[in-house]
Amino acid sequence: MAKGSTPSRERIVAGAADMISRRGLSATSIREMAKHAEAPLGSTYHYFPEGKQQLAAEAVRFTGERVAGSLRKELEAGPAEGLRAFLDLWRGIVVDSDFHAGCPILAVAIEEPQDDETPPALTAAAEVFERWEALLADSLRAHGAEAEQAAQLATLVVAAVEGTVAMCRAKRSTEPLDRTAGQLQALIAAATAK
């Protein structure tokens, strides 16, 4: 994490996202997230008085918005370009971390809630996935796909890429991304052919 003279809220959130992407939510304490962000624990609780779940939810939203911003920009050129950028982004994350980091949204989504209530981080994860799906579906529709097909394909893309990132980490290889990319690109080409 980047050092600074005072801990910023964003630096703590970014550090938490990175830590969750590597270790998952249950295996990460708020103390460890603060340490990873090189922030005093007191500052972390100042910014996140509700504790770990509040910080995790913000980390999920932070990552979700960063990815959505990149995806939104690339989708201007079309869904194939957006898919390519989405895959390249995750390829960079897994390779640059030597296959130690994945997606913090997926990491939060697969955690079992400790009680019957839906934790804020899980709600944030669902919102992020929906946002990514909506961006992809909008682009697919704008490039000729029928509405229902666009929605289904957008869900497939997000689910496939998220699962592929997990496979890359497990296999310590980008081969799953390469294989998934080829199939998703073919589906997008077929859906947008006029």
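Throughout what follows, the structure given in this document is the object of discussion. Residues take numbers from 1 onward in each chain, read along the sequence in its written order. For a predicted model such as this one, the threshold for reporting local features is a pLDDT of at least 70, and the threshold for listing and counting side-chain atom pairs is 80 or more; totals across whole chains, interfaces and linings nevertheless cover every residue. The side-chain values count all of the structure's non-hydrogen atoms but skip hydrogen atoms and water molecules.

Put simply, DSSP H or I for four residues or longer makes a helix, DSSP E for two residues or longer makes a strand, and each gets a number counted from the N terminus. Take the number of residues in a helix, subtract one, and multiply by 1.5 Å to get its expected span. With 18 residues, helix α9 (residues 175-192) ought to run about 26 Å at 1.5 Å a step, and its terminal C-alpha atoms sit 26 Å apart, in line with that. Summary of the burial criterion: residues with accessible area below 20% of their type's maximum are buried, those above 50% are exposed, and those between are partly exposed, where the area comes from a 1.4 Å probe applied to protein chains only. All buried positions along α9 are accounted for by Pro 176, Leu 177, Thr 180, Ala 181, Leu 184, Ile 188, Ala 191 and Thr 192. Take α9 and look down its axis: the buried residues cluster within an arc of 120 degrees, on one side only. Away from its buried face by more than 90 degrees, α9 exposes Arg 179, Gln 183 and Ala 190. Contact definition: two residues touch when any of their heavy atoms are within 4.5 Å. Residues of α9 that are buried make contact with α5 (79-96), α7 (120-142) and α8 (147-171). What the arc covers is the set of directions going from the helix axis to the C-beta atoms.

Here the focus is the pattern of salt bridges. Salt bridge, as used here: a side-chain nitrogen of Lys or Arg that lies within 4 Å of a carboxyl oxygen of Asp or Glu. This model, assessed by the stated rule, comprises 10 salt bridges. Note that Glu 58 and Arg 61 form a salt bridge whose closest N and O atoms lie 3.3 Å from each other. One end of the pair, Glu 58, and the other, Arg 61, are both in helix α4 (residues 52-75), 3 residues apart, so they sit about a helical turn from each other. Taking relative accessible area as the criterion, Glu 58 reaches 22% and is therefore assigned partly exposed. The salt bridge involving Glu 127 is made with Arg 61; its shortest N-O contact spans 4.0 Å. One end of the pair, Glu 127, is in helix α7; the other, Arg 61, is in helix α4, and 66 residues separate them in sequence. Looking at Glu 127, the relative accessible area reads 37%, which means it is partly exposed.

Treat this as a map of the structure, not an account of what it does.
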